[in-house]
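Observations on the model geometry
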Amino acid sequence: METVVEDEEYNFREVILPRLIPIVPEPGLERETGERRRGRDILIAVDHGPNSKHAFDWALVHLVRLADTIHLVHAVSSVRNEIVYETSQGLMEKLAVEAFEVAMVRTTARIVEGDAGKAICKEAERLKPAAVVMGTRGRSLIQSVLQGSVSEYCFHNCKSAPVIIVPGKEAGDESLI
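Residues numbered from 1 in each chain as written. Predicted model: local features only at pLDDT ≥ 70, side-chain atom pairs only at ≥ 80, totals over all residues. Heavy atoms only, no water.

The name an unreviewed UniProt entry assigns to the protein is Universal stress protein PHOS32-like, from the organism Durio zibethinus.

Below is the structure:
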């Protein structure tokens, strides 16, 4: 058997998000460490599904701190398709506004082309985030085994950051409170 090399380039498009955060000076407290002032990078894989939104909400409530930066990643089949790009851009803008309103965090967004699991892992390798947050699709165990799962792929293949898989909405909203 030969080893498959996955160092091929992939296509992406940056999403220009509205400037929501006012420019404020860095905190001047000496006892704070540079890590705390600088904040962390947190990658959140999003799509148009309710479980993805649930994972995004969970990350805002339980994981994100004030100085952090959220990196939204959405994998699509083609970044050249303007309809897909505009729909994805609208989703990213809505999530960026919500992130600022709820947690007052900075947000960046990128739409990547290709297989979702591989694209998310490549973005995690590029960013080296503190965590990768994603939801589940809501398939049964048998469907996940037969068809595969993006979250399972990322769990086994993202080597640069811990992967947090948020259970779907059917598990209940108790985790958000």
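In terms of regular secondary structure, the protein is built from six helices and six strands. The order of helices and strands in the protein, counted from the N terminus, is β-α-β-α-β-α-β-α-β-α-α-β. Taking contacts inside the protein between residues at least 6 apart in sequence as the whole, the part at least 24 apart equals 83%. Working note: accessible area of the protein is about 11000 Å², and carbon and sulfur atoms make up 55% of it. (Helix = DSSP H or I, 4+ residues; strand = E, 2+ residues; numbered from the N terminus. Contact = heavy atoms within 4.5 Å. Areas by Shrake-Rupley, 256 points an atom, 1.4 Å probe, with all protein chains shown as cover.)

What follows deals with the nonpolar core. Residues I44, I70, L72, M92 and V133 are the most contacted members of the largest nonpolar core, which totals 29 residues. Residue assignment for this core shows that the elements contributing at least two residues are β2 (41-45), α2 (50-62), β3 (69-76), α3 (82-103), β4 (106-113) and β5 (131-135). Discounting chain neighbours no more than four positions away, the residues touching I44 are F56, A59, I70, H71, L72, V73 and V133. (Core = buried A, V, L, I, M, F, W, Y, C linked by side-chain atoms within 4.5 Å. Buried < 20%, exposed > 50% of the residue type's maximum accessible area, 1.4 Å probe, protein only.)

A few words now on the packing of α2 against α3. Interaxial distance between α2 and α3 falls to 10 Å at its minimum, and their mutual angle equals 30°. As judged from the angle between their axes, α2 and α3 are roughly parallel. The way α2 lies across α3 gives a crossing that is right-handed. In this structure, α2 uses K53, F56, D57 and L60 to contact α3, whose residues at the interface are L95, E98, A99, V102 and A103. The residue makeup of the contact of α2 with α3, split by class, is six nonpolar, no polar and three charged. (Axes fitted to C-alpha atoms, helices over the stretch in contact; angles between N-to-C directions. Parallel < 35°, antiparallel > 145°, perpendicular 65-115°, else oblique. Left-handed = near helix turned anticlockwise from the far one by under 90°. Nonpolar A, V, L, I, M, F, W, Y, C, P; charged D, E, K, R; others polar.)

Relative to the assigned elements, H156 resides in helix α6 (residues 150-157). Looking at H156, the relative accessible area reads 47%, which means it is partly exposed. Once the C-alpha coordinates of H156 and C121 are considered, the two residues, 35 residues apart in sequence, prove to be 9.9 Å apart.

Here we come to the side chain of S88. Secondary-structure assignment places S88 in helix α3. Judged by relative accessible area, which is 1%, S88 ranks as buried. Of the polar contacts made by the side chain of S88, one reaches the side chain of H74; its length is 3.3 Å. Those residues in contact with S88 that lie beyond four places of it in its chain are H48, H74, V76 and I111. (Polar contact = N/O pair within 3.5 Å; in protein donor to acceptor, adjacent residues only side chain to side chain.)

Turning our eyes to something else, we now look at the sheet that holds β3. With respect to topology, six strands assemble into an open sheet ordered β1-β4-β3-β2-β5-β6, the strand pairing being mixed. Taken across any chain shown, the strands that pair with only one partner, and hence form the sheet edges, are β1 (12-15) and β6 (163-166). Ignoring strand direction, the axes of neighbouring strands in this sheet form an average angle of 25°. As paired strands, β3 and β4 are joined by eight bridges and run parallel to one another. What sits directly across from H71, in β4, is T108. Against the sheet, α2 makes contact with β2, β3, β5 and β6, and its axis sits at roughly 140° relative to β5, the strand it touches most. Against the sheet, α3 makes contact with β1, β3 and β4, and its axis sits at roughly 160° relative to β3, the strand it touches most. (Pairing = 2+ DSSP bridges.)

Right, let's get into the environment of A59. Mapped onto the fold, A59 is located in helix α2. Counting along the chain gives 40 residues from A59 to A99, while the straight-line C-alpha distance between them is 9.7 Å. Excluding anything up to four places from it in sequence, A59 contacts I44, V64 and V133.

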